[in-house]
Amino acid sequence: MGNNSKNSTNRKLLQFIQKHFQTKADIELLEVRDFPLFNKSTECKLPPKIVEMAAKIDAADGVIIATAEYDHSVPAALTNALSWLSFNTFPLVDKPVMIVGASYGVLGTSRAQQHLRTILNAPVIRAMVMPGSEFLMGNSLKAFDQEGNLIFTDKVHQLEGYFDDFLRFIEISELLKERHQDNVKEAQKFYHQQFDS
């Protein structure tokens, strides 16, 4: 979850994904809203919440990130979480990631999603972001009924195709992990160059 809003429509989107695809995948929702502000400690010690999330990400086959868009960028809560998740821990290296986003306006979160792709490609993160079409959902305040169902049938259909692509992407990504340990070492090396300077 990439937002700290209590009434986030991106949270509703993830909750719908969790329910709608429950026969295809076991999806656990993780929150970033209670993370402390990132602070580069000299001891390189991670808060317990970060350690817990990093372990869950490391064990997962893939990760779905829902991002809002503020000022053409990702929310501060999300960048804060990604800073922690690349600080002396590297759970996202070679991890398949699917990006989705919902916004109140008509344009969706296209700029934020592009920004997020750039962040996830950083040398200390090195996620394997699914290429192709973005899932952009505008008018999100009108998108869900009282039971949390997505009522835009065209978006449901699009999301179903997108999720099936993600499951295939996870399978393909498994074939590309021969250099995983080397990639982790490269991320660690860049981390030390970045934080030891």
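Just so it is clear, the model here is predicted, and its values are computed rather than measured.

As for unusual backbone geometry
- With phi around 65°, Asp 94 is a residue other than glycine that occupies positive phi space.
- Residue classification places Asp 94 among the buried positions, given a relative accessible area of 6%.
- Its identity is not glycine, yet Arg 126 carries a phi of approximately 55°, on the positive side.
- Considering the arrangement of structural elements, one finds Arg 126 in the loop between α4 (110–120) and β3 (128–129).

Considering the nonpolar core
- Among the nonpolar cores identified, the biggest contains 33 residues, and Leu 82, Leu 92, Val 97, Leu 116, Leu 120 and Ile 125 are the most heavily contacted of them.
- Elements with a contribution of two residues or more to this core: α2 (48–59), β1 (63–66), α3 (76–84), β2 (96–102), α4 and α6 (180–195).
- With five residues, the single largest contributor to this core is α3.
- With sequence-adjacent residues up to four places away left out, Ile 125 is seen in contact with Leu 82, Ser 86, Leu 92, Val 93, Ile 119 and Leu 120.
- With 25 residues, the next largest nonpolar core counts Leu 13, Ile 64, Met 137 and Tyr 162 among its residues.

Section: the pattern of salt bridges
- Following the criterion strictly, the structure yields six salt bridges and no others.
- A salt bridge links Glu 28 to Lys 56; the nearest nitrogen and oxygen atoms lie 2.7 Å apart. With Glu 28 in the loop between α1 (9–20) and α2 and Lys 56 in helix α2, the pair connects residues that are 28 residues apart, well separated along the chain.
- Here the residues in one salt-bridge network are Glu 28, Glu 52 and Lys 56, joined through shared partners.

Side note on the environment of Asn 183
- Looking at the secondary structure, you find Asn 183 in helix α6.
- Asn 183 sits in the buried class, given a relative accessible area of 12%.
- A sequence separation of 70 residues divides Asn 183 from Gln 113, and the C-alpha atoms of the two residues are 24 Å apart.
- Beyond its immediate chain neighbours, meaning those up to four positions away, Asn 183 contacts Val 93, Asp 94 and Arg 126.
- Engagement of the side chain of Asn 183 in a polar contact is seen with the side chain of Asp 94, the distance being 3.1 Å.

Calculation criteria
Residues numbered from 1 in each chain as written. Predicted model: local features only at pLDDT ≥ 70, side-chain atom pairs only at ≥ 80, totals over all residues. Heavy atoms only, no water. Buried < 20%, exposed > 50% of the residue type's maximum accessible area, 1.4 Å probe, protein only. Helix = DSSP H or I, 4+ residues; strand = E, 2+ residues; numbered from the N terminus. Core = buried A, V, L, I, M, F, W, Y, C linked by side-chain atoms within 4.5 Å. Contact = heavy atoms within 4.5 Å. Salt bridge = Lys/Arg side-chain N within 4 Å of Asp/Glu carboxyl O. Polar contact = N/O pair within 3.5 Å; in protein donor to acceptor, adjacent residues only side chain to side chain.

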